[in-house]
Amino acid sequence: MTQSGGRKGCRTFFKNMEIQEITSAQNPKIKDTAALIEKSRERRSRKLFVVEGIRETAACIRNGYTIRSIFFNNGIVTQKQIEELFPAESISKPGIFSVAPAAYSKIAYRENTEGIVAVVEEKQLRLQEIKFGKKWERPLVLVVESVEKPGNLGALLRTADACGVDAVLVCDPLTDLFNPNLIRSSLGGIFTNQVVACTNEEALEWLHSNNINIFTAQLQDSQWYYNTNMAAPTAIVMGTESTGLTEFWRKASNAKIKIPMLGELDSLNVSVSAAVLCYEAVRQRCSK
């Protein structure tokens, strides 16, 4: 097992915290964690969510999330490895649980588990808390409207991280931001990006207040994306694959942009389209 995503020189937290053993899948803590994975209403009401994997859990810690519990599969991971991977101050009570493989299988939702599952406290960012300057002198923002599939939103967050996007605004979301499939598909991008869930109206008001140009991705009445000045403060707005953007954003845009489609089909996956447009912004900013 590698230490990818861990931190060197972490203090041990075991001398002040008892490691509890869980052998049964009927253990209440296993049942509670499984409910968080399966039910969005449980996540919302308890303001907790579940993360599986070393990289994802480490990303939570680096970005200021509070780890409530860590469960480790004692058939895969040793106490020493847990000790090396995670800092003492990152785990609050009730703490650390050594779980028998059969019980652990009830809370593992990845096909190839690394043997670590964490329960984490929610941290919701607000629009007014967004900080610019993550990578660029001028803001670069990705706005996504009513994206339903967690996998698509996760892929968008990976693109945002790779391109140094300042913030991702998820407008009128149809999936909660801490859906396990979203966390998995984002590879922890939900934690490394500044992500805000808000309404269309709130997002538009915030963009206007920060003097950010709005470029909507759509096929109708549009210009080629590479003819648009994305070196200026820019928000790239993406809609769903099935219906595209609503009239709200079409009316609000400073420019409507499109990607050349040279085949018989007229649609790219929304995450692929976002990657093309975000990297054009990166290209223009790097060439200035």
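Here goes a summary of the coordinates provided. This is a predicted model, so every value here is computed, not measured.

## Quick look at the overall build of the protein chain
And step 1. Helix and strand content of the protein chain: eleven helices and twelve strands.
And step 2. Scaling as 2.2 N^0.38, a compact globule of 288 residues should have a C-alpha radius of gyration of about 19 Å, and the protein chain matches this with 21 Å.
And step 3. Across its three principal directions, the C-alpha atoms of the protein chain cover 60 × 35 × 35 Å.
And step 4. Taking the intrachain contacts of the protein chain between residues at least 6 apart in sequence as the baseline, contacts between residues at least 24 apart amount to 83%.
And step 5. About 13,900 Å² of surface is accessible on the protein chain, with carbon and sulfur atoms providing 46% of the total.

## Structural notes on the environment of Glu-122
And step 1. Mapped onto the elements, Glu-122 comes out in the loop between β5 (116-121) and β6 (140-145).
And step 2. Taking the relative accessible area as the measure of exposure, Glu-122 reaches 22% and is therefore partly exposed.
And step 3. Residues within four places of Glu-122 in sequence aside, it is in contact with Arg-43, Arg-44, Lys-47, Leu-48, Phe-49 and Phe-178.

## Describing unusual backbone geometry
And step 1. At Ser-146, a position not held by glycine, the phi torsion is positive, near 50 degrees.
And step 2. One non-glycine residue with positive phi stands out, namely Asp-172, at about 45 degrees.
And step 3. What makes Asp-172 partly exposed here is its relative accessible area of 29%.

## Things to note about the packing of aromatic side chains
And step 1. Per the stated rule, a full pass over the model turns up nine aromatic pairs.
And step 2. Pairing Phe-49 with Phe-191 gives two aromatic rings, centres 5.8 Å apart and planes at 20 degrees, and the pair type is stacked. You can see Phe-49 sitting in strand β2 (residues 48-52) and its partner Phe-191 sitting in helix α8 (residues 189-192), a full 142 residues away along the chain. Each member of the pair, Phe-49 as well as Phe-191, is classed as buried.
And step 3. For the ring pair Phe-132 and Trp-206, a centre distance of 5.7 Å and an interplane angle of 40 degrees mean the geometry is tilted. One end of the pair, Phe-132, is in the loop between β5 and β6; the other, Trp-206, is in helix α9 (residues 200-209), with 74 residues separating them in the sequence.
And step 4. Through successive ring pairs, a cluster of aromatic residues spans Phe-49, Tyr-65, Phe-178 and Phe-191.

## Focus: the sheet that holds strand β9 (residues 213-217)
And step 1. Taken together, the seven strands give an open sheet; going across it, the order is β8-β7-β6-β11-β9-β12-β10, and neighbouring strands pair in parallel fashion. Two strands in the sheet have a free side with no partner beyond their single neighbour: β8 (195-198) and β10 (223-224).
And step 2. Contacts between helix α11 (residues 270-287) and the sheet are confined to β6, β9, β11 (234-238) and β12 (255-258), with β11 contributing the most and set at about 165 degrees to the helix.

## Considering α11
And step 1. With 18 residues, α11 extends 26 Å between its outermost C-alpha atoms, agreeing within 8% with the 26 Å of an ideal straight helix rising 1.5 Å per residue.
And step 2. Residues Val-270, Ser-271, Ser-273, Ala-274, Leu-277, Cys-278, Glu-280, Ala-281, Val-282, Gln-284 and Arg-285 constitute the buried set of α11.
And step 3. Buried residues in α11 make contact with β6, α6 (150-162), β9, β11 and β12.

## A closer look at the state of the cysteines
And step 1. One pass over the structure, following the stated rule, counts zero disulfides.
And step 2. Of the cysteine sulfurs around Cys-163, a residue in no disulfide, the closest is that of Cys-278, at 5.0 Å.
And step 3. With no disulfide partner, Cys-171 has as its closest neighbouring cysteine sulfur the one in Cys-198, 4.2 Å distant.

## Considering the environment of Gln-128
And step 1. In this structure, Gln-128 sits in the loop between β5 and β6.
And step 2. Here Gln-128 falls in the exposed class, since its relative accessible area comes to 59%.

## Quick notes on the pattern of salt bridges
And step 1. As enumerated under the stated definition, the model contains eight salt bridges in all.
And step 2. Its salt-bridge partner being Arg-68, residue Glu-121 comes within 3.2 Å of it at the nearest N-O pair. Of this pair, Glu-121 sits in strand β5 while Arg-68 sits in strand β3 (residues 67-73), and the two are 53 residues apart along the sequence.
And step 3. Glu-137 is the partner of Arg-138 in a salt bridge, and the nearest nitrogen-oxygen pair spans 3.7 Å.
And step 4. Salt bridges sharing common partners tie together Glu-56, Arg-110 and Glu-114.

## Topic: the pairing of β11
And step 1. Counting buried positions along β11 yields five of five residues, so the element is predominantly enclosed.
And step 2. Where β6 meets β11, five bridges bridge the pair, whose relative direction is parallel. The partner of Val-143 across the bridge, within β11, is Val-237.
And step 3. Of the pairings in the sheet, the one linking β9 to β11 comprises four bridges and is parallel in character. Within the sheet, the bridge partner assigned to Ile-214 lies in β11 and is Ala-235.

Cut-offs and rules
Residues numbered from 1 in each chain as written. Predicted model: local features only at pLDDT ≥ 70, side-chain atom pairs only at ≥ 80, totals over all residues. Heavy atoms only, no water. Helix = DSSP H or I, 4+ residues; strand = E, 2+ residues; numbered from the N terminus. Rg over C-alpha atoms; globule rule 2.2 N^0.38 Å. Contact = heavy atoms within 4.5 Å. Areas by Shrake-Rupley, 256 points an atom, 1.4 Å probe, with all protein chains shown as cover. Buried < 20%, exposed > 50% of the residue type's maximum accessible area, 1.4 Å probe, protein only. Phe/Tyr/Trp six-rings, centres within 6.5 Å; stacked < 30°, edge-to-face > 60°. Pairing = 2+ DSSP bridges. Axes fitted to C-alpha atoms, helices over the stretch in contact; angles between N-to-C directions. Expected span 1.5 Å × (residues − 1). Disulfide = S-S within 2.5 Å. Salt bridge = Lys/Arg side-chain N within 4 Å of Asp/Glu carboxyl O.

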